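Listed below, chain by chain, are the residues.
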Amino acid sequence: MAKLVYGVFDDVPYDNRDSTSYQTPPEIDLEAFNYFNKDNPIALFCNERGFLVFDAEVSLLLSLQKHFEKVAAGSCGKCSPCRTGSALVLRLLNQAVLGKTAVDWELMQEIATQMVKTSLCGVGKTGPIPLLGALKYFRKELQPTPPDLKRGFFSTMTSPCIEACPGLVNIPRYIDYIKDGHTDLSANLVLRHYPLVGSCGRVCVRTCEQACQRAHVDAPISIRNLKRFAADQAIAAHVLKPEPVKLEHEQRVAIVGAGPVGIACSYHLLSLGYPCDIFEAKAQAGGMIRYGIPIYRLPKDTLQEEINIVLQMGGKIIFNQCLGRDFHIDDLFKQGYAAVFLACGCPQGSYLGMPDEDTSLATYENGIEFLERVYAGVEAKNPPVLDGDVVVVGGGNVAMDCCRAAVRIAKGTVHVIYRRTEADAPADKEEIAAAKEEGVQFHFLCGQDSLVVENGKIVGLKVQDMEQTDPDASGRRGVRPIANSSKILPCQHVIAAIGQRTDPKMLCAADKIEVNRKNCVVVNAAQETSRPGVFAAGDCTAGPRAQGPTTLIMGMGQAYFAARSIERYLRQGEVSFDSRWRMTDLINQGHLMQPDKEPVNLKVKAPRVPVRELPAADRCHSFAEVEQTMTPEEAWSEAARCLRCYRIYSVVTAKHIPGGE
Amino acid sequence: MKAFLNKREYDFQDGESILEFARRHGVFIPSLCQFKPLEHRPATCRVCLVSVTDAAGTRMVTACDTRVTQDMYIDTISKEVRDRQRLQVELILADHHQDCAACARHGDCELQDLSEAVGLSRNRFAQVLAGAAAKRLCDTSATSMLRDMTKCIRCLRCVEVCRKIQGVAALTVDGRGLGTVIGVGMAPDHNTSACIQCGQCTLVCPTGALAERDQNDQVLDYLASPDVITVFSFAPSVRVLLGDEFGFPAGSNVEGKIVAALRAIGADVVIDTDFAADVVIMEEGTELLNRVREGGKLPMFTSCCPGWINFAEKHIPGILPYLSTTRSPQGVLGPLAKTYLPLRMGLDAKKIRNISIMPCVAKKDEAARPQLARDGVPDIDVVLTVREFSRLLRRLGVDLVNIAPEPFDNPFMSASTGAAVIFGTTGGVMEAAVRTVYALLNGQELQGIVAAPLRGLEGVRTAELDLGPEVGPVKLAICHGLRNAKILAEEVLAGTSPYTFIEVMACPGGCIDGGGTSRFKGSYHAAKQRKQQSLYDLDHNMHYRQSHNNPQIKLLYEEFLTAPNSEKAHHLLHTYYRDRQEWPSQSIEENKRKLTLVE
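Computed from a predicted structure; not experimentally measured. (Residues numbered from 1 in each chain as written. Chains lettered and ligands numbered in written order. Predicted model: local features only at pLDDT ≥ 70, side-chain atom pairs only at ≥ 80, totals over all residues.)

This part is about the overall build of chain B. The number of helices and strands found in chain B is 22 helices and 21 strands. The globule rule puts the C-alpha radius of gyration for 599 residues at 25 Å, and the 26 Å found for chain B is close to it. When the backbone C-alpha atoms are referred to their principal axes, chain B occupies close to 80 × 60 × 55 Å. A buried classification covers 54% of the 599 residues belonging to chain B. Partitioning the contacts of chain B with sequence separation of at least 6, the portion at a separation of at least 24 is 75%. (Helix = DSSP H or I, 4+ residues; strand = E, 2+ residues; numbered from the N terminus. Rg over C-alpha atoms; globule rule 2.2 N^0.38 Å. Buried ≥ 20, exposed ≤ 12 C-beta atoms within 10 Å, placed from the backbone. Contact = placed C-beta atoms within 7 Å.)

Okay, the overall build of chain A next. Along its length, chain A carries 22 helices and 26 strands. Taking the principal axes of its C-alpha atoms as reference, chain A extends roughly 95 × 60 × 55 Å. Within chain A, buried positions represent 53% of all 661 residues. Taking as baseline every contact in chain A between residues at least 6 positions apart, the subset at least 24 positions apart corresponds to 71%.

Take the environment of T58 of chain B next. All names here are of chain B. Along the chain, T58 falls in strand β4 (residues 57–62). Separated by 15 residues in the primary sequence, T58 and Y73 have C-alpha atoms spaced 8.9 Å apart. Setting aside its immediate chain neighbours within four residues, T58 contacts S51 and T53.

All right, on to the nonpolar core then. Residues and elements named next belong to chain A. Among the nonpolar cores identified, the biggest contains 393 residues, and C265, F341, A343, V392, C402, C403 and A406 are the most heavily contacted of them. For this core, the leading source of residues is helix α19 (residues 552–572), giving eleven residues. When sequence neighbours within four positions are dropped, the list of residues in contact with A406 reads L386, V390, V392, V414 and I495. (Core = buried A, V, L, I, M, F, W, Y, C linked by C-beta atoms within 7 Å.)

Time to look at the interface of chain A and chain B. On the side of chain B, 52 residues touch chain A, which itself brings 46 residues to the contact. Listing elements by their share of the side of chain A that touches chain B, those giving two or more residues are α1 (60–74), α2 (80–98), α3 (105–118), β6 (152–158), α8 (183–191), β7 (240–241) and α22 (632–639) of chain A. With eight residues, the top contributor of residues to the side of chain A that touches chain B is α2 of chain A. Here the residues of the side of chain A that touches chain B sort into 20 nonpolar, 14 polar and twelve charged. Relative to strand β21 (residues 586–587) of chain B, β7 of chain A is paired through two bridges, and the arrangement is parallel. (Nonpolar A, V, L, I, M, F, W, Y, C, P; charged D, E, K, R; others polar. Pairing = 2+ DSSP bridges.)

This part is about the environment of D381 of chain B. All names here are of chain B. Looking at where D381 falls in the secondary structure, it is placed in the loop between β16 (377–378) and β17 (382–385). Among the residues examined, D381 registers 21 C-beta atoms within 10 Å and is labelled buried. Residues D381 and R353, spaced 28 residues apart in sequence, show a C-alpha to C-alpha distance of 5.8 Å. The residues touching D381, leaving out its near neighbours within four places in the chain, are R353, N354 and I355.

Moving on to the domain arrangement of chain B. When its domains are assigned, chain B resolves into domain 1 (2–77), domain 2 (122–212) and domain 3 (216–573). Once you take the C-alpha centre of each, domain 1 of chain B and domain 3 of chain B turn out to be 45 Å apart. (Domains from an automatic or database assignment.)

The residue E558 of chain B is located in helix α20 (residues 551–561) in this model. Note on E558 of chain B: 10 C-beta atoms within 10 Å, which makes it exposed.

The next subject is the domain arrangement of chain A. Accessible area lost during the coming together of the parts is what is often quoted as the interface size. Residues and elements named next belong to chain A. For chain A, the assigned domains read domain 1 (6–158 + 646–653), domain 2 (161–241), domain 3 (252–347 + 502–579) and domain 4 (349–499). Here the C-alpha centroids of domain 2 and domain 3 sit 24 Å apart. Each side of the interface is counted separately: domain 2 has 18 residues, and domain 3 has 21 residues. Counting only elements with at least two residues in the side of domain 2 that touches domain 3, the list comes to α9 (197–203) and α11 (223–236).

So, about the pairing of strand β20 (residues 501–505) of chain B. All names here are of chain B. Most of β20 is tucked away: five of the five residues are buried. The alternating pattern of β20 places F501, E503 and M505 and I502 and V504 on opposite faces, both of which are buried. Note: strand β13 (residues 300–301) against β20, two bridges, orientation parallel. Its bridge partner being in β20, F301 is matched across the sheet by I502. Pairing between strand β19 (residues 473–480) and β20: five bridges, direction parallel. Opposite A477, over in β20, you have I502 as the bridge partner.

On to the packing of helix α10 (residues 273–294) of chain B against helix α17 (residues 428–442) of chain B, then. Residue and element names in this part refer to chain B. Where α10 contacts α17, the axes come no closer than 9 Å and their chain directions differ by 60°. Considering the angle they form, α10 stands oblique to α17. Handedness of the α10/α17 crossing: right-handed. Contacts between α10 and α17 involve I281, M282, E284, G285, L288 and L289 from the former and A432, A433, T436, V437, L440 and L441 from the latter. Residue composition of the contact of α10 with α17, by class: nine nonpolar, two polar and one charged. (Axes fitted to C-alpha atoms, helices over the stretch in contact; angles between N-to-C directions. Parallel < 35°, antiparallel > 145°, perpendicular 65-115°, else oblique. Left-handed = near helix turned anticlockwise from the far one by under 90°.)

Right, let's talk about the confidence of the model for chain B for a bit. On average, residues of chain B score 95 in pLDDT, and 99% of them are at 70 or above. This complex was scored by the predictor with a pTM of 0.95 and an ipTM of 0.95. (pLDDT = per-residue confidence, 0-100.)

A few words on the sheet that holds strand β6 (residues 138–139) of chain B. Residues and elements named next belong to chain B. Strands sit in the order β6-β7-β10 across an open sheet of three strands; the sheet is antiparallel. Two strands in the sheet have a free side with no partner beyond their single neighbour: β6 and β10 (210–212). Across two bridges, the pairing between β6 and strand β7 (residues 145–148) is antiparallel. Note that in β7 the partner of C138 across the bridge is D148.

On to the sheet that holds strand β1 (residues 2–5) of chain B. Residue and element names in this part refer to chain B. In space, the five strands of this open sheet follow the order β2-β1-β5-β3-β4, with mixed pairing throughout. At either end of the open sheet lies a strand with only one pairing partner, and these are β2 (8–11) and β4. Across the sheet, the mean angle separating the axes of adjacent strands is 30° when strand polarity is ignored. Where β1 lies against strand β5 (residues 73–75), two bridges are found, and the strand directions are parallel. Along β5, the bridge assignment pairs F4 with Y73. Across the face of the sheet, helix α2 (residues 79–94) comes into contact with β3 (49–54), β4 and β5 while running at roughly 145° to β3.

The next point concerns the packing of α3 of chain A against helix α5 (residues 129–137) of chain A. Residues and elements named next belong to chain A. Contact geometry of α3 with α5 gives a least axis separation of 10 Å together with a crossing angle of 140°. One finds that α3 runs oblique with respect to α5. When you trace α3 past α5, the crossing you get is left-handed. Between α3 and α5, the contacting residues are W105, M108, Q109, A112, T113 and V116 on the first element and I129, L131, L132 and L135 on the second. Partitioning the contact of α3 with α5 into residue classes produces eight nonpolar, two polar and no charged.

Every regular strand shows the same layout, with side chains that alternate between the two sheet faces. Residue and element names in this part refer to chain A. Here strand β5 (residues 50–53) shows no split at all, with G50 and L52 on one side and F51 and V53 on the other all buried. Both strand β4 (residues 40–47) and β5 contribute to a ladder of four bridges, which runs antiparallel. When the sheet's bridge partners are listed, L44 is paired in β5 with V53. The hairpin formed by β4 and β5 contains two residues between the paired strands.

Attention now moves to unusual backbone geometry. Cis geometry is adopted by the peptide bond preceding P299 of chain B, which originates at L298 of chain B and carries an omega value of 0°. Secondary-structure assignment places P299 of chain B in the loop between α10 and β13. One non-glycine residue, K512 of chain A, lies in the positive phi region at around 55°. Structurally, the position occupied by K512 of chain A is in the loop between β22 (500–501) and β23 (521–522). Backbone geometry places Q527 of chain A, a non-glycine residue, at a positive phi of 65°. Along the chain, Q527 of chain A falls in the loop between β23 and β24 (534–536).

Right, let's talk about helix α5 (residues 157–164) of chain B for a bit. Residues and elements named next belong to chain B. Where burial is concerned, most of α5 is hidden: six out of the eight residues are buried. Among the residues of α5, those classed as buried are R157, C158, V159, E160, V161 and C162. The secondary structure elements touched by the buried residues of α5 are β8 (172–174), β9 (181–183), α6 (200–204) and β10.

Written as structure tokens, this is what we have:
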């Protein structure tokens, strides 16, 4: 385990150099600090809580100067103590490193303290903390040293929302760009991560909002809607225009699947100059967000516009080409592709697996089939009609999409049954609320038992009430059926919305690609599969970041890193290490990202701007988009609520970090 | 609910900020960026520091964005609080270009006041980061204004007024760190940006970062030249505004003193923009009648306000056919002072230089419009704002307080009416037009000259007026502040506007609160009621109340223009507009290079 030599954490000094009792900060797992990358021990770490030295030889002054360069660079320039304070402190640090003149340590401490005590946001409030710890407890260690060229340094400016985003998108910065009046730059910042900005701005599961510290004041920032606003203003309004990219490399990449993950990966590879061909099983691009997400949530012209970015850059999509049916992996290499990226998704829905269920019944569908059928009908201006009552089984977002789509085309009542409680339902709470407004009847703690079929037609679903079990050791509560509670919910349609899976014919043994028992492609942290040159991401994969069907943003986040791995594979013949994701792993392993210590709840309150929606009465028979874009006034005032909870994490390592400084 | 302020207990209101709480109880906390009149509280200056103690302990917070809670102990004067407030101002000054002696805000600067309020006695970092300040942009591209970012302290008030009051949203925040400045979006420079140069931002800027382009030296060159005949004129509102600069009570009428002062500095001819306002009513009123009678584009919008014209051209060009083609009073005065006036006075027209004194920043831009020039010679040569003109008088040692008033005496272009003088307030143009249009239609004056629903300061005011048997009742609307104008214009374009005639003034309140008027530190349009009332009082006391009854107007038409909207009138006194809307667009890659981010 990494041995702490000395350091300051949460304003407590630790010095194990001469002491007999070894002391370390509580609740910090030092195991995480052994190595940053392979064979490269961490010599020093600093963040918003202090600094930890693991190598007695490392220069504390040089390390803090490097860290402070990041602070000064990260200063947004709006608040006075951080803007000029960080520049003044950095100047003093630079003088100290040179060691030619006497250093005014008192002035450095005065300004750094002012930054911490009075800055507006996390950069100034937390950036100088390691320096202040050193000035207070280890000033004699701050000795000038010549530049240490053999060591590695990596630093990142992050925040709770960024760490919660599987794409690691710099959320406070794009919010700031909106506040500053630059929707072009706001949208473009997100475009660095993926092309489907407006689509993600409509349907993202927004784990960022759950991490948002503004919740301690009043309510989280409406992050997703702000992103949508920027996309609507800049991308949909054609302020930002895609252009053909100069494809300077000869090596071509085959992308399998034109869903969001395949589109995102090809987008990044194209911008790096690699020609990409995308093989798509269906006749249109977009995958699950075209067929699976109903039009009232994501208008398909928005999606198509964003897919077109990739086409305008020079990507090609070859339609009606299905892996396992029309071609195999070897065929792609034979055609001269230098690398293959699998983003086949989970295109098949699951049935409920009830005893004796007959999946050939016309009105027993799985959610994926149903949503595809509705999509095709709406696109053809001839939506299907559901006669009678409908029961949707499931509590996730697919179930919400199914019941809300069904309510728009059903002549009878639409029910949702879910075996757990409403609080346990994984669906977005706002989706449940919207479904209720539209007239969907919910039955929580209600499990399916069997289909009731008469004369070859469904006439009902036998269900039974459930109850919660006592909490287990981990505090989780299960559910169990209540005896003698069976009843029949009369209905003519049953839609199973409980899960989805990969195409079982996707891969064959000759492909030499390892899959897990759920037929998901096994990948490592670099999104490599077991076969060299073949990479994969998204729903069809199982790896350290996600197993099987996952979220849009997780898939696109993986695609971003997969593209970087592919680039390095094509350039160097091997994939290398990614410092930024390693830092996120370090933050998670070491339990380093703590909620704000300073109580922010005394901020003057400013209510979250509500999303404007079509009235329930207007929308429940229409596939028109329900949620409306913000006005600029709304977006500015929402963006102004952001607290910018930035923190800076830096490591100094024994050796250079590959791909790093 | 109670909390403590420096040992004393006071009641506080739920949700109230410490700054509001302290002010309500008469306790002063120095502050800079927050701006109460706009409810603007960006919390960027970080000067309003106080120490609070509650159950969670003692800490330093900014008073503007921290709520008072039960039993909170707030200290605004401890040594630590004072030291931190003072250090904060020192840090603000560290990247502020401190050429105070050469600054437009010399002696009238909120940053200087703040420095005094926190007891600043040393300025340790003034030279350390001076290079960073000097590197920032000083944009001199705009015809009316300067944007000197070396002096910006990032209070963001200008951004707020541009969005919240004007709905223009031309200003953006650009760059990062010491390079952070107020920018103009994707436009290459200020002049071609979405800015309409109304100058409302200059009224809220606490320093000299935003100011009008000072053209006093050009005026002094004219005064010094033996080959130039200087013709000075000043706008209706200027007579109740200039006193602000010399300590007169708000709204004091200093018309006679201005005339005397102009003569004192050597003006050759002093005429009155009020006269031109009466001409505008004759032209615009006739134009309105023609549109009503001939089925022209209705509603007709007024066109006196250059901020509004710029807004229409740059932001909502679909509305341009609805604008009156009649020039503004300044735009009418210019050509008449270079044709009619020399003809009657026997002057060499080529030697005439028109200098107009305006409450407005955008009037400088109007004077530079190519449509307002003939054969390359501008109709108006220089426009001075009220602020510049007061500076000119101080430079020339003219004491407005003690100078004895003198009357206008030009027999051709100085007679005025009550209708003209109320041009200076929102609703005035409409009221003046109504008086004349009614008389033109009915051959008799409107009973009860004051059209009450048209008066006041509501952002949008509407009225219905019976114009007599020929036209019948018409709906009228008045708005000021461009956010309101946008709403009315969009209604017109949507085909749902019920109005026949709409008056727009870009600045809230109209010219009395124009972008070229006096700056009042920490307040915004504070004395508008009194200024408006002064104009109404002037109207009330005038011998002539209607433009068509101005004897010099009658003479002008009889002897020179023949009739309103005559060919000659059209040639000299009307104009046209151009669609100047820009649709910025950029390739994703090109735009990406402008991203400033640290990850």
